[in-house]
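Understanding the architecture of this molecule
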Amino acid sequence: MAKKAAKGVIQRFTMYIAAQSAAPAPPLGPALGQRGVNIQEFCKQFNDRTKDFEKGIPIPTAVQVNPDRTFSFKTGMPPNTHYLMRAAGITKGANKPGKEVVGQVTVRQIYDIAKDKVKDDKFKNTSLESVAKCLVGSCRSMGIKVVNDE
């Protein structure tokens, strides 16, 4: 039997939701429904807020559900892997990173992605150089080679 949340408890959860594609279907519908949230209203607000993003891009979303079943949510920037895979023109990272290379990106592409990512809340107070180094590390772990653009 399902346990009911204690009265006055705020529930929080995070998940990736495709931009402009929020729908009551799983996994979003059940996640909101079990917390008593108006799913249609959430989908409408989410799709309106993500209309500036390309449709289908995964958006990290933190949802807070209040005891009176109202909700608020914060959206972040798409994950590094999405940007890097799109820049490299691949759909999947390497099975054996470090031993195989599945694509390559230029330093200029890394810099352009870093300029977008520095606006994200997770990189607040982080220099552009540090964000670029983080992206290079992500490339290494995905099997993407970083090359100089000449």
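Up top you'll find the structure we're talking about.
Quick look at the structure, then. Source: prediction; values computed, not measured.

Another point: the packing of aromatic side chains. Scanning the model with the defined rule gives 5 aromatic pairs in all. Ring geometry for Phe 42 versus Phe 46: centroids 6.1 Å apart, planes at 15°, classification stacked. Taken as a pair, Phe 42 and Phe 46 lie in helix α2 (residues 39–49) at a separation of 4 residues, close to a single helical turn. Across this residue pair, the class does not change: Phe 42 and Phe 46 are buried. Between Phe 46 and Phe 73 the ring centres are 6.1 Å apart and the planes differ by 45°, which places this aromatic pair in the tilted class. Taken as a pair, Phe 46 in helix α2 and Phe 73 in strand β3 (residues 71–75) lie far apart in primary sequence, 27 residues in all. For Phe 46, a relative accessible area of 0% corresponds to the buried category. Taken together, the aromatic side chains of Phe 42, Phe 46, Phe 71 and Phe 73 make up a single cluster linked through ring pairs. The ring centre of Phe 13 lies 4.1 Å from the NZ or CZ of Arg 35, which sits over that ring.

Let us look at the environment of Val 131. Along the polypeptide, Val 131 turns up in helix α5 (residues 128–142). A C-alpha to C-alpha distance of 39 Å links Val 131 and Asp 68, two positions 63 residues apart in sequence. Excluding anything up to four places from it in sequence, Val 131 contacts Ala 114, Lys 117, Val 118, Phe 123 and Thr 126.

About the cut-offs
Residues numbered from 1 in each chain as written. Predicted model: local features only at pLDDT ≥ 70, side-chain atom pairs only at ≥ 80, totals over all residues. Heavy atoms only, no water. Phe/Tyr/Trp six-rings, centres within 6.5 Å; stacked < 30°, edge-to-face > 60°. Helix = DSSP H or I, 4+ residues; strand = E, 2+ residues; numbered from the N terminus. Buried < 20%, exposed > 50% of the residue type's maximum accessible area, 1.4 Å probe, protein only. Lys NZ or Arg CZ within 6 Å of the ring centre and 35° of its normal. Contact = heavy atoms within 4.5 Å.

By themselves these figures say nothing about function.
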